[in-house]
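Chain residues, written in single-letter form:
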Amino acid sequence: MSATSQGTSRFFRNWVGNQSCTPRDIRSPADEAEVQEIVRDEAARGGQVRVVATGHSFTPVHLTSGTLIGLDRLHGVLDVDAERRRVTALPGTAIGAFGEPLWEHGLALKNQGDIDTQGITGAMGTATHGSGLGYQHLGAALRRCRVVTGDGEVVEIGEDDPDLLHAAQVSVGMLGVITEVELEVKEAYALREEVAQWSIGEIRERFVPESEARRHCSMFWCPTDESAALYGLEMEPGRPIRDSAFIRIYDEAPADTPADPTHRRRVDRSYRVFPMVYDPNFHELEYFVRWDRALEAFEALRELMLASQPAAVFPMEVRSVGRDAAMLSPQHGQDTIVLSVSGRPGTDYWDYLRSVDALLGGEFDARVHWGKLHFLSREQLLERYPRAQDFIDVRRRLDPEGLFLNDHLRPLFA
Ligand SMILES: Cc1cc2nc3c(=O)[nH]c(=O)nc-3n(C[C@H](O)[C@H](O)[C@H](O)COP(=O)(O)OP(=O)(O)OC[C@H]3O[C@@H](n4cnc5c(N)ncnc54)[C@H](O)[C@@H]3O)c2cc1C
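So, a few notes on the structure that sits alongside this text.

About the criteria used
- Residues numbered from 1 in each chain as written.
- Predicted model: local features only at pLDDT ≥ 70, side-chain atom pairs only at ≥ 80, totals over all residues.
- Heavy atoms only, no water.
- Helix = DSSP H or I, 4+ residues; strand = E, 2+ residues; numbered from the N terminus.
- Buried < 20%, exposed > 50% of the residue type's maximum accessible area, 1.4 Å probe, protein only.
- 1 Å grid on protein atoms, 1.4 Å probe; cavity = no way out; pocket = protein on both sides within 12 Å on 5 of 7 lines; lining within 4 Å.
- Points joined across faces, edges and corners; volume = space filled by probe spheres on them.
- Nonpolar A, V, L, I, M, F, W, Y, C, P; charged D, E, K, R; others polar.
- Axes fitted to C-alpha atoms, helices over the stretch in contact; angles between N-to-C directions.
- Parallel < 35°, antiparallel > 145°, perpendicular 65-115°, else oblique.
- Left-handed = near helix turned anticlockwise from the far one by under 90°.
- Contact = heavy atoms within 4.5 Å.
- Polar contact = N/O pair within 3.5 Å; in protein donor to acceptor, adjacent residues only side chain to side chain.
- Pairing = 2+ DSSP bridges.
- Near = heavy atom within 4 Å.
- Areas by Shrake-Rupley, 256 points an atom, 1.4 Å probe, with all protein chains shown as cover.
- Sits in = over half its atoms within 2 Å of the grid points.

## Observations regarding the side chain of Thr-126
Relative to the helices and strands, Thr-126 resides in the loop between α3 (120–125) and β10 (142–148). Classification of Thr-126 as buried rests on a relative accessible area of 7%.

## Remarks on empty space enclosed by the protein
Tallied over the full model, the rule gives two cavities of 30 Å³ or more. Taken as a whole, the largest cavity encloses approximately 80 Å³ of empty space. Along its surface, the largest cavity is lined by Gln-112, Gly-113, Asp-114, Gly-130, Ser-131, His-216, Ser-218, Arg-248, Tyr-250, Phe-274, Glu-317 and Arg-319. Among the secondary structure elements, those contributing two or more residues to the lining of the largest cavity are β15 (216–222), β16 (244–254) and β19 (316–321). For the lining of the largest cavity, a count of residues per class yields two nonpolar, six polar and four charged. Of the voids in this model, the second largest cavity is the one considered here, and its volume is about 40 Å³. Along its surface, the second largest cavity is lined by Phe-98, Gly-99, Leu-102, Trp-103, Leu-107, Ala-108, Leu-109, Gln-112, Ser-270 and Tyr-271. Those elements giving two or more residues to the lining of the second largest cavity turn out to be α2 (99–104), β9 (107–108) and α7 (270–273).

## Side note on unusual backbone geometry
One non-glycine residue, Val-172, lies in the positive phi region at around 45°. Along the chain, Val-172 turns up in the loop between α4 (162–168) and β12 (177–184).

## What to know about the packing of helix α5 (residues 200–213) against helix α8 (residues 294–308)
Packing of α5 against α8 brings their axes to within 10 Å, and their N-to-C directions diverge by 155°. In this view, α5 runs roughly antiparallel relative to α8, as classed from their interaxial angle. As for the relative orientation of α5 and α8, their crossing is right-handed in sense. Contact residues: Ile-200, Ile-203, Arg-204 and Val-208 in α5; Ala-294, Leu-295, Phe-298, Glu-299 and Arg-302 in α8. Tallied by class, residues from the contact of α5 with α8 come to six nonpolar, no polar and three charged.

## What about the environment of Trp-15?
Note on placement: Trp-15 falls in the loop between β2 (9–13) and β3 (20–21). For the pair Trp-15 and Val-80, spaced 65 residues apart in sequence, the C-alpha to C-alpha distance is 30 Å. Setting aside anything within four residues of it in sequence, one finds Trp-15 in contact with Met-1, Thr-54, Gly-55, His-56, Phe-58, Tyr-278, Asp-279, Pro-280 and Phe-282. A distance of 3.4 Å separates the side chain of Trp-15 from the side chain of His-56, its partner in a polar contact.

## What about the sheet that holds strand β5 (residues 49–52)?
In spatial order, the strands read β4-β6-β5; together these three strands make up an open sheet with parallel pairing. Looking along the sheet, the strands with just one partner apiece sit at the ends: β4 (25–27) and β5. The average undirected angle you get between the axes of adjacent strands in this sheet is 25°. With four bridges connecting them, β5 and strand β6 (residues 67–70) associate as parallel partners. Note that in β6 the partner of Arg-50 across the bridge is Leu-68. Packed on one face of the sheet, helix α1 (residues 32–44) meets β4, β5 and β6 and runs near 170° to β6.

## Observations regarding the site of the ligand
Around the ligand, 36 residues are found, and the nearest of them are Val-51, Thr-54, His-56, Ser-57 and Thr-126. Separating an oxygen atom of the ligand from a side-chain N or O atom of Thr-128 is a distance of 2.9 Å. Note that a nitrogen atom of the ligand is positioned 2.9 Å from one of the backbone N or O atoms of Ile-178. Calculation on the ligand without its partners gives an accessible area of 970 Å², and the protein chains cover 99% of this total. Among the detected pockets, the ligand sits in the largest pocket. Here the shell around the ligand is built from residues that sort into 15 nonpolar, 17 polar and four charged.

Here it is, written out as structure tokens:
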């Protein structure tokens, strides 16, 4: 991400560079009081406010012609309560920055995704998830937060008001600026990782039962022989790559299990095992389908990708996420399979993405990742997310003037 504010030249570009804007102002407040001041000034001007954590979202969620608030001065773990299994942190705290302080208290985040550099409120804001049917996205762990709402006042949201909490757990920045979060965490654990390559036959036989039996699995299915190299996937030497998958399977082990860095079979502290390394050479669409249609949805997308070449060259990532209650969660009330496809920035692969949207949206009622490319309409939002209207009602209550909306979000949530 780059956000620059020099003289009259103000420019924001997200991590991968597919979204950019020239806000009137870019600010990095040092505390909540400064956030309130910024919000009040912008409200008085009838403008707009958006927040950027680390800009890893591929969607135009950050874009604004008003004020863009960055979180680079608002980070750090504030408190760890080992007895209640809670951690309190400032909004810009990176996911990876929770690892050590929690471990020192015998605790860990319940789950993590593929990278750990996102800011915690950015990750929660789009329901960022890892894999595992017994685990929810990061926002589902939110138990309390402080939010500077449309009139510049601070609202404290907690478990005493479940509706408000379920709106705040995934809010894509639309309820206001979150200035502090308290998350539920779990006892520290080690992760045992096994890496393998599966043929399409093994995928059909094993992916669903292994996902249900193990802590979690994830796979990258490769439509072409070149696909694995795009994500640096180490396939088994001498085996054909096309139509096979790089699979990672995980189980939990006690926290004091000695680290074992064995290649393709390692054990280490959970927060050290989760993150992968990605180059900013792709952008991604990710849709969620009910788990009881998991294999059917995977097969349908596989067929489409094989038929859509050469646009479909990046691997399809396949994961699972367990149900939760957040109003805008893609897992609201249902376990899901997660299917994501990518393309190279600068190439025109919109027809391919639209065909993925038509397939998974049309035949499987898929929900979308708020931080990844999607084509959701307001009608589809209201059909596929049972509590979308409740979220819109909360949003209107906390931000009646729509200060925190932008051109991407207004058609869906105004
Ligand atoms: C390489 C890469 C790997 C990824 N891996 C995964 C993965 O494994 N799983 C997954 O689910 N997603 C993944 N993503 C997507 C990514 O996790 C999400 O897009 C996430 O939201 C980005 O976090 P961020 O801190 O950059 O947030 P941003 O993109 O900066 O912000 C996300 C949203 O949160 C809002 N927001 C942020 N902070 C606040 C605040 N304090 N108050 C109010 N609103 C706020 C923003 O306005 C925006 O709407 C990946 C993305 C990349 C580029």
